[in-house]
Amino acid sequence: MNDKTRIWADRRIGVGSFDRMIFGHFIEHFHRQIYGGLFDPGSPFADDRGFRRDVIDAMRELRTPIMRWPGGNFVSDYHWHEAVGPNRVASYNKAWRVAEPNSFGTDEFIAWCREVGCAPYICTNGGNGTAEEMANWVEYCNGPHPTRYANQRRENGHDEPFAVKYWGIGNESYGDWQIGAKTVAEWGPYVAESAKMMRRVDENIVLSAAAVPDSDWTMALLKAAGRHLDLISIHGYWDHISQVHEPADYLTAILNSGSPDRMIAAARSVIGAAGFDGKIRIAFDEWNLRAWHHPNGNHPDKIKARDLSDLPETYTMADALFSAAFLNACLRNCDIVAMANMAPSVNTRGPLFVHAGGIVRRTTFHTLKMYVDHIRERILSTRVEGPEIRGEGASIAQVDALVSADAAGTTVTLVNRDPARPARCEVWLDGEVLTGARDATILSGDSPDAFNSVDRPDAVTPLEAPMRDEQGAYVIPPHALCMLHVPS
Ligand code: AHR
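Definitions and cut-offs
Residues numbered from 1 in each chain as written. Predicted model: local features only at pLDDT ≥ 70, side-chain atom pairs only at ≥ 80, totals over all residues. Heavy atoms only, no water. Domains from an automatic or database assignment. Contact = heavy atoms within 4.5 Å. Salt bridge = Lys/Arg side-chain N within 4 Å of Asp/Glu carboxyl O. Polar contact = N/O pair within 3.5 Å; in protein donor to acceptor, adjacent residues only side chain to side chain. Helix = DSSP H or I, 4+ residues; strand = E, 2+ residues; numbered from the N terminus. Nonpolar A, V, L, I, M, F, W, Y, C, P; charged D, E, K, R; others polar. Axes fitted to C-alpha atoms, helices over the stretch in contact; angles between N-to-C directions. Parallel < 35°, antiparallel > 145°, perpendicular 65-115°, else oblique. Left-handed = near helix turned anticlockwise from the far one by under 90°. Buried < 20%, exposed > 50% of the residue type's maximum accessible area, 1.4 Å probe, protein only. Phe/Tyr/Trp six-rings, centres within 6.5 Å; stacked < 30°, edge-to-face > 60°. Lys NZ or Arg CZ within 6 Å of the ring centre and 35° of its normal. Near = heavy atom within 4 Å. Areas by Shrake-Rupley, 256 points an atom, 1.4 Å probe, with all protein chains shown as cover. Pairing = 2+ DSSP bridges. Expected span 1.5 Å × (residues − 1).

### Description of the domain arrangement of the protein
- By the assigned domains, the protein splits into domain 1 (4–12 + 378–487) and domain 2 (19–374).
- Summarising the inter-unit geometry, the C-alpha centres of domain 1 and domain 2 are found 30 Å apart.
- Between domain 1 and domain 2, the residue contacts involve 41 residues of the former and 31 residues of the latter.
- Linking domain 1 to domain 2 there are one salt bridge.
- The salt bridge involving R332 is made with D400; its shortest N-O contact spans 3.2 Å.
- Our count for the domain 1 to domain 2 interface comes out at ten residue pairs in polar contact (both at pLDDT 80 or more).
- Taken together, the elements giving at least two residues each to the side of domain 1 that touches domain 2 come down to β15 (388–391), β16 (394–397), β17 (399–406), β18 (409–416), β21 (437–443) and β24 (480–487).
- Taken together, the residues of the side of domain 1 that touches domain 2 sort by class into 20 nonpolar, 15 polar and six charged.

In structure tokens, the structure reads:
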């Protein structure tokens, strides 16, 4: 039947193993992500350090492997030394035009990561910061010797080095929305010098630098500084609501869900063209379907408008399925995508919405958790053929599929992007059609626009239910993420 999608995978033909850093996160000093988010000393949910325990538990549930911090745009005007030690004074952050209390700084971030059990990934100030300031930050965190900044860490109560392995140079430093944005000609030499000085302090760090796929920017960066780098940092937001809060509807969002694959392909080709194939990989270290609403200006109305990004109804099955497609793109490109960081983790459009009375796991939380729990070590080369869904001027395959395997079994991940039609999926594994009853995990919701909120926190949650083929095909409900579990 022509309404059927066919999926082929063979356990002898793999793309490779993936790095679990692909399930990473990002948190920024912006709106209610840190203050009033994961750090809220006044909350009954907070521990004696001010860390929200419910947030920590949820981040543990997601087995968070890595957390990128402190920005984002914020970092382009952040000076780390203002937020360590006993005498902290609030500073005005010119990137976000708000007061930064500086009560959550490096020591708190490291303590929080330890509590969650994730690696810290520090993004340095590539805006109005200097190479010297970056290297001093590495010394503060990792310095073993009795030198000025390592001593300062000790005086602040941390004898042992923090051993921060992952460091980034700059955030979107090409954009005039950053403080201290750089030109193409400036960026490469600046990164080279910063990397050199940071590595003189600790030669074992893993280093990324702000890049953009498929452009003169990254070619110039790699020519000047590629020899110092392990990763290029790229960002993707596909629903641009930063100035005007008009979130895209389900169909518009989902028709765009092939974009992450194209972006990775573009970044791959620029890395290859610069001669760094196999040496430099991609850190997709900010990603989310939707950008944040943060209209320009520091008028109280504009700052207040940022609250719109918290509205629960914005984050629906469109977000859940776009996120699944994003993770599929990273996984099928796992030879070159080393890390991905959902941006952000808490509040605005993150998977966790934190409020005075608790937390809400948004639809995307469940997508992340399904991937973390069920994707198996080896990603198989997966071919998909089937019907498309169409919208204004665009079309996309109805089903996105990814098959992964390990010694214990195989997971067949099927994303039915269609808002209304079920998807009939015929799955060929090692040359044979998969049939019979299979354990399955399904995330769907009662409509494409279903969302979780304070009043209805479990409107969208995954169901565990066995699934049986119907005449050789598994029927996936509309707007659903389904994982079939096939034991060995
Ligand atoms: O909207 C949030 C911002 O998006 C981040 O600070 C920045 O890195 C990206 O442009």
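Following the structure, the description resumes.
### Considerations on the packing of helix α3 (residues 131–142) against helix α5 (residues 184–201)
- As a packed pair, α3 and α5 sit with axes 8 Å apart at the nearest point and diverge in direction by 25°. With respect to α5, the element α3 is oriented roughly parallel. In this structure, α3 crosses over α5, and the sense of that crossing is right-handed. Contacts from A131, E132, M134, A135, V138 and E139 of α3 reach α5 at Y190, E193, S194, M197, M198 and V201.

### Some remarks on the pattern of salt bridges
- As enumerated under the stated definition, the model contains 33 salt bridges in all.
- Ionic pairing is found between R12 and D10, a salt bridge with its closest N-O pair at 2.8 Å.
- The partner of D77 in a salt bridge is K94, and the shortest N-O contact between them spans 3.1 Å. Of this pair, D77 sits in the loop between β3 (66–69) and β4 (91–93) while K94 sits in the loop between β4 and β5 (98–100), and the two are 17 residues apart along the sequence.
- For K94, a relative accessible area of 44% gives the class partly exposed.
- Connected via shared salt-bridge partners are D47, R49, R53, R60 and E115.

### Brief notes about the packing of aromatic side chains
- Applying the stated rule across the entire model yields 28 aromatic pairs.
- When the centroid spacing of 5.5 Å and the interplanar angle of 25° are considered together, the rings of W187 and Y190 count as stacked. Separated by three residues within a single helix, W187 and Y190 lie in helix α5, roughly one turn from each other.
- Owing to a relative accessible area of 0%, W187 belongs among the buried residues under this scheme.
- On the accessibility criterion, Y190 (16% relative accessible area) is buried.
- Measuring from centroid to centroid gives 4.9 Å for F284 and F326, while their planes differ by 80°, and the two rings are edge-to-face. Here F284 is found in strand β10 (residues 281–290), whereas its partner F326 is found in helix α10 (residues 317–332), with 42 residues between them in sequence. Judged on exposure class, the residue F284 and its partner F326 are both buried.
- Over the ring of Y190 we find K182; its NZ or CZ atom is 4.6 Å from the centre of that ring.
- The side chain of R361 reaches across the aromatic face of F365, ending 5.2 Å from its centre.

### A short note on the site of the ligand
- Within the structure, the ligand sits among E28, G72, N73, W96, N171, E172, W177, H235, Y237, E286, W292 and H294.
- Contacts to the ligand include E172, whose side-chain N or O atom sits 2.6 Å from an oxygen atom.
- Side-chain polar atom of H294 to an oxygen atom of the ligand: 2.8 Å apart, as the coordinates give it.
- Protein chains bury 93% of the 280 Å² of accessible surface belonging to the ligand in isolation.
- Taken together, the residues of the shell around the ligand break down into four nonpolar, five polar and three charged.

### A look at unusual backbone geometry
- Cis geometry marks the peptide bond from W69 to P70, where omega comes out at 5°.
- Note that P70 resides in the loop between β3 and β4.
- The peptide bond linking G71 to G72 adopts the cis configuration, its omega dihedral lying at 15°.
- The phi torsion at E172 lies on the positive side, around 45°, for a residue other than glycine.

### Section: the sheet that holds strand β9 (residues 231–239)
- On the basis of which strands lie adjacent, the closed barrel formed by eight strands has the order β2-β3-β6-β7-β8-β9-β10-β11 and parallel pairing. Recorded for the sheet is a direction-independent mean angle of 30° between the axes of neighbouring strands.
- Sheet topology places strand β7 (residues 166–169) next to strand β8 (residues 206–210); four bridges connect them, and they run parallel. In the sheet register, I169 faces β8, and the bridge partner there is A209.
- Together, β6 (119–124), β7 and β8 form the strand contacts of α5, whose direction differs from that of β7 by roughly 150°.

### Examining the environment of I396
- Within the secondary structure, I396 is located in strand β16.
- Between the C-alpha atoms of I396 and D418, which are 22 residues apart in sequence, the distance is 9.6 Å.
- Ignoring anything within four residues of it in the chain, the contact list for I396 reads I254, L255, S257, G258, E388, I389 and R417.

### Topic: α5
- Compared with the 26 Å implied by 1.5 Å per residue over 18 residues, the 27 Å span of α5 between its first and last C-alpha is a close match.
- Those residues of α5 lying buried are W187, G188, Y190, V191, A192, S194, A195, M198 and R199.
- Tucked into the core, α5 has its buried residues touching β6, α3, β7, β8 and α6 (216–225).

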